[in-house]
Amino acid sequence: MSELVTAAQMRAIEQAAISSGKVTGLALMERAGQGVVQAICETWPELTIGAHGAVVLCGPGNNGGDGYVVARLLAARGWSVAVFAYGDPARLPPDARANYERWCRVGGCAPLTALDDSTFSDAAVTVDALFGTGLTRPLPSEVLNALMFASTRPNAAAPQRPPIVAVDIASGVDADSGRVIGGDEQGDELPYWPALTVTFGAAKVGHMLLPHAGDTRHKLVVAPIGVEDDIARAYLTWNVVEHLDLAAVRHIDLLGRPDISLQALELAKDVASHKFGHGHAVILSGPAGRTGAARLAARAALRVGAGLVTVAAPRDAMAENAAQLTAIMLREAEGAAALADLLRDKRLNAICLGPGLGQARARDLVPVALDATRDRDVSGVVLDADALSAFADDPVDLFTMLHDGCVLTPHAGEFARLFPDLSARLNAPAMTGPAYSKVDAARDAAERAGCTVLLKGSDTVIADETGDAAINAACYDRAAPWLATAGSGDVLAGLVTGLLARGYAPVTAAETAAWLHTEAALSFGPGLIAEDLPEELPKVFRALGV
Ligand SMILES: NC(=O)C1=CN([C@@H]2O[C@H](COP(=O)(O)OP(=O)(O)OC[C@H]3O[C@@H](n4cnc5c(N)ncnc54)[C@H](OP(=O)(O)O)[C@@H]3O)[C@@H](O)[C@H]2O)[C@@H](O)CC1
Ligand SMILES: Nc1ncnc2c1ncn2[C@@H]1O[C@H](COP(=O)(O)OP(=O)(O)O)[C@@H](O)[C@H]1O
Ligand SMILES: [K+]
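Rules behind the numbers
- Residues numbered from 1 in each chain as written.
- Chains lettered and ligands numbered in written order.
- Predicted model: local features only at pLDDT ≥ 70, side-chain atom pairs only at ≥ 80, totals over all residues.
- Heavy atoms only, no water.
- UniProt positions renumbered as here; feature names shortened; annotations may be inferred.
- Domains from an automatic or database assignment.
- Contact = heavy atoms within 4.5 Å.
- Buried area = accessible area lost by both parts, 1.4 Å probe.
- Salt bridge = Lys/Arg side-chain N within 4 Å of Asp/Glu carboxyl O.
- Polar contact = N/O pair within 3.5 Å; in protein donor to acceptor, adjacent residues only side chain to side chain.
- Nonpolar A, V, L, I, M, F, W, Y, C, P; charged D, E, K, R; others polar.
- Core = buried A, V, L, I, M, F, W, Y, C linked by side-chain atoms within 4.5 Å.
- Buried < 20%, exposed > 50% of the residue type's maximum accessible area, 1.4 Å probe, protein only.
- Disulfide = S-S within 2.5 Å.
- Donors = N, O, S within 2.8 Å, 3.2 Å for Na, K, Ca; no water.
- Tetrahedral: all angles 85-135°; square planar, octahedral: opposite > 155°, others 65-115°.
- Helix = DSSP H or I, 4+ residues; strand = E, 2+ residues; numbered from the N terminus.

Naming follows an unreviewed UniProt entry, where the chain appears as Bifunctional NAD(P)H-hydrate repair enzyme of Maritimibacter alkaliphilus HTCC2654. Quoted verbatim from the Subunit (unreviewed entry) heading of the UniProt record, the comment on the chain is "Homotetramer."

(A) Fine view of the domain arrangement of the chain. For the chain, the domain assignment lists domain 1 (21–249) and domain 2 (258–544). Between the C-alpha centres of domain 1 and domain 2 the distance comes to 39 Å. With 25 residues of domain 1 in contact, the opposing surface of domain 2 contributes 23 residues. Roughly 1800 Å² of surface becomes buried between domain 1 and domain 2 when both sides are summed, with 59% attributable to carbon and sulfur atoms. Counting across the interface, domain 1 meets domain 2 through zero salt bridges. At the boundary of domain 1 with domain 2, the tally comes to nine residue pairs in polar contact (both at pLDDT 80 or more). Partitioning the side of domain 1 that touches domain 2 into residue classes produces 10 nonpolar, eight polar and seven charged.

(B) Representation of the nonpolar core within the structure. Grouped together as the largest cluster of nonpolar side chains are 58 residues, with contacts concentrated most on Leu353, Leu383 and Leu402. There are two domains that each give this core at least three residues, and those are domain 1 (21–249) and domain 2 (258–544). Excluding anything up to four places from it in sequence, Leu383 contacts Leu353, Val366, Leu388, Leu398, Leu402, Val407, Leu408 and Thr409. Membership of the second largest hydrophobic core comes to 49 residues, among which are Val309, Val382, Val407 and Leu537.

(C) Quick peek at the state of the cysteines. Summed over all chains, the structure comprises zero disulfides. This cysteine, Cys41, is not joined by any disulfide, and Cys58 carries the nearest cysteine sulfur, 18 Å off. With no disulfide of its own, Cys451 lies closest to Cys406 among cysteine sulfurs, the gap being 5.3 Å.

(D) Looking closely at the coordination of the potassium ion (ligand 3). The potassium ion (ligand 3) binds to the protein through Asn63 (OD1), Asp128 (O), Phe131 (O), Val167 (O), Ile169 (O) and Ser171 (OG), with metal-donor distances spanning 2.6 to 3.2 Å. Around the potassium ion (ligand 3), the six donor atoms are arranged such that angles at the metal cover 66 to 172°; this shape is classified as irregular. Expressed as a motif, the donor residue spacing for the potassium ion (ligand 3) is N-x64-D-x2-F-x35-V-x1-I-x1-S. With respect to burial, Val167 and Ser171 carry one shared label: buried.

(E) View of the side chain of Arg179. Considering the arrangement of structural elements, one finds Arg179 in the loop between β6 (164–167) and β7 (196–200). Here Ala428 takes part through its backbone oxygen, which lies 2.4 Å from a polar atom of the side chain of Arg179. Among the polar contacts listed, one links the side chain of Arg179 to the backbone oxygen of Tyr436, at a separation of 2.8 Å.

(F) Representation of unusual backbone geometry. In this structure, Pro211 follows Leu210 across a cis peptide bond, with omega equal to 0°. Of the consecutive residues Gly433 and Pro434, the connecting peptide bond is found in the cis state with omega at -5°. Here Pro434 shows up in the loop between α15 (420–427) and α16 (438–449). Even without being a glycine, Asp168 presents a positive backbone phi close to 75°. With respect to the helices and strands, the residue Asp168 is situated in the loop between β6 and β7. With phi around 45°, Ala385 is a residue other than glycine that occupies positive phi space. By the element assignment, Ala385 lies in the loop between β14 (380–383) and α12 (386–389).

Structural data, given as structure tokens:
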């Protein structure tokens with residue numbers, strides 16, 4: 001895992017590094033500019049040969065300061081650089097002002113309103129250094145118009161505009177939520193889509209959330225600027241970093257490969273162990289004609305390593321399930337009494353309700369499952385799909401029954417049914433930064449529910465009652481759009497259940513399942529359907545060294 005930082009955390013780290021005397025703000029800004037130029041050269045190696053043109057748009061804060069450094073460094077490579085500024089350069093903060101003045105000894109600076117079609121005719125890239133982590137309100141119309149002008153071809157006969165490189169984050173996007181400040185209700189239209197974003201020290205939370213993370217052609221580079229050790233240290237002890245308010249000290253992790261050895265270690269099966277040592281998962285099946293979802297979940301639970309998996313089905317669905325199950329066992333359990341009876345066997349230590357279940361039956365069975373698993377040392381419950389929607393009329397009824405062994409796995413629609421106020425807040429236009437984010441919504445939901453919540457999407461957020469959160473970002477080089485296929489959520493629910501059966505803590509089970517789910521999709525590639533996901537896990541495990 002690696003830490004994602006909020007704008008406030010990043011500012012605190014930079015200020016702490018500067019106050020300690022280890023580095024100056026000017027040095028950080030210089031490294032930031034160098035990082036942008038290096039990322040441009042690595043992304044478009046053809047630009048390392050010969051001289052090219054660049055348009056650099058600079059704003060009124062330190063993001064603009066980075067832009068003046070980029071302009072100077074490109075000019076030093078022989079490029080012809082046209083700089084356009086928003087705001088009065090005389091009011092720039094000190095480090096940005098110093099870099100503005102250095103640039104003025106090299107080249108000119110025009111107001112943003114002077115941009116015209118000819119500006120872009122010889123440019124290989126446009127650099128957006130207008131606003132970064134300091135954005136607090138909607139972009140001024142002058143800036144919005146300039147960005148749209150820089151990104152949109154004026155007519156079909158005109159040449160394409162050059163690709164835009166965002167310094168730190170695309171201007172107009174809130175670094176904590178990935179949302180457009182002043183955007184519409186959908187909030188999914190950025191002022192422009194960068195080809196490349198170069199951020200500094202660590203990715204910001206907003207980079208990994210939609211809409212910012214929603215474009216598969218978009219590349220994100222994290223350039224080191226010399227505060228990476230401070231970020232790593234702060235990760236362990238956020239509370240000793242000065243300048244931070246308490247609300248900002250909770251962790252937000254990006255699930256990723258750095259913890260690969262740990263994953264492999266935990267996913268491996270011990271040589272001396274037997275199947276009962278890996279738990280026994282139960283998946284509730286829907287009625288005849290609606291049994292596929294449970295089998296997908298069951299297959300995923302078995303493949304992820306649960307020692308035994310049982311599908312519990314109503315009488316009319318027994319034959320249909322029996323015809324299609326082999327290693328997975330089948331038991332009849334139609335109503336509440338039958339389920340209570342089944343769960344008296346304490347070896348059954350993880351249960352999944354929801355996929356294909358039907359809301360009426362979910363309403364009967366969920367209380368039984370929660371009651372039977374409460375106060376047991378090891379027992380997990382995954383509630384998905386119908387097991388969530390069944391409580392849309394009275395979510396509090398569900399919340400009072402949940403316990404800390406539960407994992408809720410809603411997609412956005414199911415989330416809105418259980419947490420209508422949080423969903424409304426998340427979907428209302430964001431007018432100020434930092435804006436309410438998907439991470440905030442998942443955290444608030446987990447706190448209210450008193451258990452782990454996994455809020456799905458290509459930017460899946462997992463949060464628990466402690467307030468820590470993690471994002472499984474299926475974006476940039478992990479984009480896995482083929483996961484948007486019927487039944488893929490059922491497989492995810494099965495993965496969580498299987499890992500719970502194996503003894504994973506609920507939040508770890510949810511995080512690991514979300515990560516493996518995306519890895520399986522990436523490993524399989526285009527053409528993926530839900531059935532392929534469990535079958536791809538062995539390959540993922542081999543690649544992990546399990
Ligand atoms: N700290 C460091 O050492 C390092 C920082 N680095 C770089 O600095 C960036 C952060 O810089 P920053 O904090 O100056 O914020 P930035 O985004 O440039 O602009 C804020 C300015 O705009 C204003 N403003 C806000 N919204 C507005 C709006 N809608 N319309 C109009 N104005 C608006 C706001 O003032 P306000 O009016 O809100 O008081 C403020 O004046 C960061 O992203 C990274 O690129 C790197 O160099 C590494 C070292
Ligand atoms: N575009 C996408 N990129 C990555 N993952 C996605 C995308 N769309 C959906 N997913 C993932 O696929 C799963 C879909 O679950 P869900 O919406 O419950 O579908 P279903 O009910 O059809 O199984 C979730 O895990 C979600 O995170
Ligand atoms: K920017």
